[in-house]
Amino acid sequence: MSNIFLVGTHWGDEGKGKIVDVLSDRADACIRFQGGHNAGHTLVINGVTTILHLIPSGILRDNCKSIIGNGVVVSLSALNQEIESLKKSGIKIDTKLFISKNCHIILPTHVALDVAREQALAEKSIGTTGRGIGPTYEDKVSRRGIRLVDFESNIFESKSSDLMSYHNFILDKYYHQNKIDIEKAVNEMRVEYEKVKDLVSDTTHLVNELSSNSNCIFEGAQGTMLDVDHGTYPYVTSSNTTLAGLLSGSGLNVSNLDYSLGIVKAYTTRVGHGPFPSELNNEIGRNIAKWGGEKGATTGRDRRCGWLDCKILKESVELNRINGLALTKLDVLDNLDKIKICIDYGDINYQTMSTPNVKYIEMNGWESPTVGINNFNDLPLNAKKYIEKIEEICETKIAIISTGPDRRQVISRDDIFAK
Ligand code: IMP
């Protein structure tokens with residue numbers, strides 16, 4: 001048995017969904033532990049695309065249990081929509097999906113506050129997904145949040161009404177926005193809860209039992225630089241996306257963790273606002289965005305593109321105790337004659353978003369297709385050199401290379417479950 005932690009090394013959208021899908025072939029469980037439906041994990045199986053926001057990517061495998069751990073914030077309506085659309089595609093849910101009773105729920109007022117706050121911040125906004133993630137985590141930390149377990153103790157109605165009254169006060173008096181109809185919201189959430197209540201349980205014990213006896217994948221959402229403590233604060237999400245978040249958000253006994261797999265895209269992207277030292281505001285950046293289909297899976301926003309930032313990659317390796325990397329979207333760079341790797345820069349200025357002394361090394365591109373290649377030796381020489389250079393800079397092996405969106409388009413250089 002072996003337990004693998006999958007973490008995005010930069011600002012999310014590294015292609016974690018696809019790698020989870022590839023590995024879940026041999027996994028008994030797949031566990032989400034932070035974030036919520038701000039995530040968008042895209043999977044392509046036999047040409048059919050599925051985008052998951054809240055449910056772990058392992059759900060598409062018949063023999064893989066899917067667990068939404070206590071650290072995830074849950075929108076009941078988004079959860080039910082996702083369940084319904086998976087069921088329509090013939091995916092079995094009922095005996096496979098487990099949701100922690102300690103998950104905090106996203107109220108309609110959390111969404112309204114998220115949107116109102118972003119509007120008020122105007123050009124200084126974070127560029128959130130507008131899903132209510134930040135306000136829900138705020139209420140969790142301030143100990144007034146609403147958890148799934150509250151539905152069972154008859155305090156849900158009064159507790160959530162009180163909290164939404166407080167939110168409505170801020171919406172009305174501070175942001176001058178419309179208030180949310182509390183009675184309607186409470187009734188709707190009760191209806192949504194009844195649909196999933198049989199899936200709700202204490203998942204901490206289940207996580208530790210499964211991770212002691214079988215193969216588990218812990219699926220991080222967002223990426224290391226969006227971590228509320230270690231990322232590009234304040235342009236971050238509101239959870240710990242790194243190794244620490246895995247432990248608090250699932251209850252995993254740390255000694256059961258065998259392997260941290262960092263997911264790194266062959267170039268770097270960011271969606272939302274905030275600093276991005278290696279960003280390409282030119283034709284190359286626009287071409288990479290076009291070739292890579294770089295549009296947000298959750299909000300449809302254009303992703304900003306730039307050269308691979310290896311300064312961040314090295315930090316990610318250190319922070320997450322990364323044992324090996326999965327390099328994704330290598331094929332997107334197939335047409336470039338020159339490729340740069342960002343290796344260093346000075347301190348980021350958060351007022352101007354500028355970064356002094358950004359240093360690159362330049363390499364020759366391979367200018368030939370790598371799409372669908374399954375064997376490392378079949379890659380063009382310059383593609384191998386690019387991969388080996390990244391390994392050298394961050395002193396970490398690239399164990400998996402993804403050469404296209406489909407689950408079959410992959411090069412496996414290491415048997416990660418055997419580690
Ligand atoms: P929030 O998580 O909606 O509060 O958004 C905070 C920041 O995280 C924004 O810059 C979002 O664009 C970014 N973000 C949140 N979820 C994702 C994701 O799954 N992929 C990439 N960026 C994300």
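Positions within a chain are numbered from 1, following the residues in the order the chain's sequence is written. For this predicted model, a pLDDT threshold of at least 70 governs which residues receive local features, and a threshold of 80 or more governs which side-chain atom pairs are given and counted, while totals over whole chains, interfaces and linings are taken from all residues. Processing note: side-chain calculations cover all non-hydrogen atoms of the structure and skip hydrogens and water entirely.

A.B. asks: Whenever I open this one, the overall build of the chain confuses me. Can you help?
C.D. replies: Helix and strand assignments come from DSSP, with helices taken as H or I runs of at least 4 residues and strands as E runs of at least 2, each series counted from the N terminus. Across its full length, the chain carries 11 helices and 19 strands. Our radius of gyration is a C-alpha quantity, and the globule rule it is checked against amounts to 2.2 Å times the number of residues to the power 0.38. The C-alpha atoms of the chain give a radius of gyration of 21 Å, which matches the 22 Å a tight globule of 419 residues would have. Along the three orthogonal principal directions, the C-alpha set of the chain runs to about 65 × 50 × 40 Å. By definition in these notes, contact holds between two residues if any of their heavy atoms fall within 4.5 Å. Intrachain contacts of the chain at a sequence separation of at least 6 include 75% that bridge at least 24 residues. Each charge class in the chain can be summarised by its mean position, and for the 48 positive and 53 negative side chains these summaries are 1 Å apart. Charge counting treats Lys and Arg as positive and Asp and Glu as negative, with His and both chain ends excluded. For charged residues, the charge sits on one atom: NZ in Lys, CZ in Arg, CG in Asp, CD in Glu.

A.B. asks: Sorry if this is basic, but what is going on with the packing of aromatic side chains here?
C.D. replies: Within a pair of aromatic rings, the relevant descriptors are the distance that separates the centres and the angle that separates the planes. When the centres of two rings from Phe, Tyr and Trp lie within 6.5 Å, Trp using its six-membered ring, the rings pair. Their planes under 30 degrees apart give stacked, over 60 give edge-to-face, and anything left gives tilted. One pass over the full model with this rule turns up six aromatic pairs. The interplanar angle of 45 degrees and the centroid separation of 5.8 Å between the aromatic rings of Trp366 and Tyr386 together place this pair among those described as tilted. Here Trp366, found in the loop between strand 17 (359-364) and helix 11 (381-394), pairs with Tyr386, found in helix 11; they are 20 residues apart in sequence, far enough to count as distant. Assigned by exposure class, Trp366 and Tyr386 land together as buried. In this structure an aromatic cluster arises from ring pairing among Phe151, Phe156 and Tyr193. Remark: exposure states derive from per-residue accessible area (1.4 Å probe, protein chains only) relative to the maximum for the residue type, with buried under 20%, exposed over 50%, and partly exposed in between.

A.B. asks: What's the story with the domain arrangement of the chain in this structure? I'm lost.
C.D. replies: A common way to state how big an interface is: give the accessible area lost once the parts meet. Domain delimitation follows an automatic or database domain assignment. Taken domain by domain, the chain comprises domain 1 (3-95 + 202-418) and domain 2 (104-198). Distance between the C-alpha centres of domain 1 and domain 2: 29 Å. Taken together, the contact between domain 1 and domain 2 spans 27 residues of the former and 22 residues of the latter. Accessible-area loss on putting two parts together, using a 1.4 Å probe and summing over both, is the definition of buried area adopted here. Counting the surface lost from both domain 1 and domain 2, the interface buries some 1900 Å², and carbon and sulfur atoms represent 60% of this.

A.B. asks: Please explain the side chain of His110 as it appears in this structure.
C.D. replies: Tracing the chain through its elements places His110 in helix 3 (residues 108-121). Take His110: its relative accessible area is 1%, and that puts it in the buried class. Leave out the neighbours within four places in its chain, and His110 touches Ile105, Gly132, Pro135, Thr136, Asp139 and His167.

A.B. asks: Would you mind going over helix 2 (residues 76-88) with me for this structure?
C.D. replies: Each α-helix winds once per 3.6 residues, and so residues spaced three or four apart point in a common direction. The terminal C-alpha atoms of helix 2, which comprises 13 residues, lie 18 Å apart, in line with the 18 Å expected from a rise of 1.5 Å per residue. Those residues of helix 2 that fall on the buried side of the exposure criterion are Leu76, Ala78, Leu79, Asn80, Glu82, Ile83 and Leu86. The secondary structure elements touched by the buried residues of helix 2 are strand 4 (48-52), strand 5 (65-68), strand 6 (73-74), strand 7 (97-100), strand 8 (104-105) and helix 6 (182-196). After helix 2 finishes, the residue Gly90 shows a positive phi value of roughly 85 degrees. Helix span is expected to be 1.5 Å times the residue number reduced by one.

A.B. asks: Whenever I open this one, the site of the ligand confuses me. Can you help?
C.D. replies: Around the ligand lies a shell of 16 residues, among which Asn38, Thr129, Thr237, Val271 and Arg301 are the nearest. Distance and chemistry together define a polar contact, namely a pair of N or O atoms within 3.5 Å, with one atom able to donate a hydrogen and the other to accept it when in protein, and with adjacent residues in sequence counting only for side-chain atoms on both sides. A distance of 2.9 Å separates an oxygen atom of the ligand from a polar atom in the side chain of Asn38. Taking Thr237, its side chain carries an N or O atom lying 2.6 Å from an oxygen atom of the ligand. Calculation of accessible area relied on Shrake-Rupley with a 1.4 Å probe; when residues are assessed, cover is drawn exclusively from the protein chains displayed. Protein burial of the ligand: of its 470 Å² of free accessible surface, 97% is covered by the chains. Residue polarity follows a fixed list, in which Ala, Val, Leu, Ile, Met, Phe, Trp, Tyr, Cys and Pro are nonpolar, Asp, Glu, Lys and Arg are charged, and the others, Gly among them, are polar. When the residues that make up the shell around the ligand are grouped by side-chain class, the tally is six nonpolar, eight polar and two charged. The rule for a residue being near a molecule or strand is that one of its heavy atoms must lie within 4 Å of it.

A.B. asks: Honestly, empty space enclosed by the protein in this entry has me stumped. Any pointers?
C.D. replies: Any space left empty among the atoms is revealed by the rolling of a water-sized probe across them. Points on a 1 Å grid, built from protein atoms alone, make a cavity when a 1.4 Å probe fits but cannot get out and make a pocket when they are open with protein on both sides within 12 Å along at least 5 of 7 lines; residues with an atom within 4 Å of a point are the lining residues. Grid points are joined across faces, edges and corners, and a volume is the space filled by probe spheres set on the points. Taken as a whole and judged by the stated rule, the model has one cavity of 30 Å³ or more. Considering only enclosed or pocket space, the largest cavity measures out at about 30 Å³ in volume. Considering the residues around the largest cavity, the lining is formed by Thr9, His10, Gly12, Glu14, Val264, Lys265, Tyr267, Thr268 and Thr269. Listed by contribution, the elements that provide at least two residues to the lining of the largest cavity are strand 11 (259-265) and strand 12 (268-270). Across the lining of the largest cavity, the residue classes tally to two nonpolar, five polar and two charged.

A.B. asks: Looking at this structure, how should I read the sheet that holds strand 17?
C.D. replies: By way of backbone hydrogen bonds, the strands of a sheet pair with one another, either parallel or antiparallel. Strand order across the open sheet formed by three strands is 14-16-17, with mixed pairing between neighbours. Looking at the sheet topology across the chains shown, the edges are occupied by strand 14 (308-309) and strand 17. Any two strands with at least two DSSP-identified bridges between them are counted as paired. Pairing of strand 14 with strand 16 (residues 338-344) involves two bridges; the strand directions are parallel. Across the sheet, the residue bridging to Leu308 is Ile341, located in strand 16.

A.B. asks: Can you help me understand the pairing of strand 10 (residues 216-219) in this one?
C.D. replies: Along a regular strand, successive side chains alternate from one face of the sheet to the other. The side-chain alternation of strand 10 yields two buried faces, one formed by Cys216 and Phe218 and the other by Ile217 and Glu219. Strand direction decides the pairing type here: strand 1 (residues 3-8) and strand 10, joined by four bridges, are parallel. For Asn3, the partnering residue across the bridge sits in strand 10 and is Cys216. As judged from the four bridges shared by strand 2 (residues 29-32) and strand 10, these two strands associate in the parallel manner. Paired with Cys30 across the bridge in strand 10 is Ile217.

A.B. asks: Would you explain the state of the cysteines in this entry?
C.D. replies: Here is the idea: a disulfide is a covalent bond, and it sits between the sulfur atoms of two cysteines. Any two cysteine sulfur atoms within 2.5 Å of one another count as a disulfide. Throughout the structure, instances matching the rule amount to zero disulfides. No disulfide involves Cys305; its sulfur sits 15 Å from that of Cys342, the nearest cysteine. When its relative accessible area of 4% is taken as the criterion, Cys305 is described as buried. Cys394 provides the cysteine sulfur closest to Cys310, a residue in no disulfide bond, and the two sulfurs are 6.0 Å apart. A relative accessible area of 0% means that Cys310 is categorised as buried.

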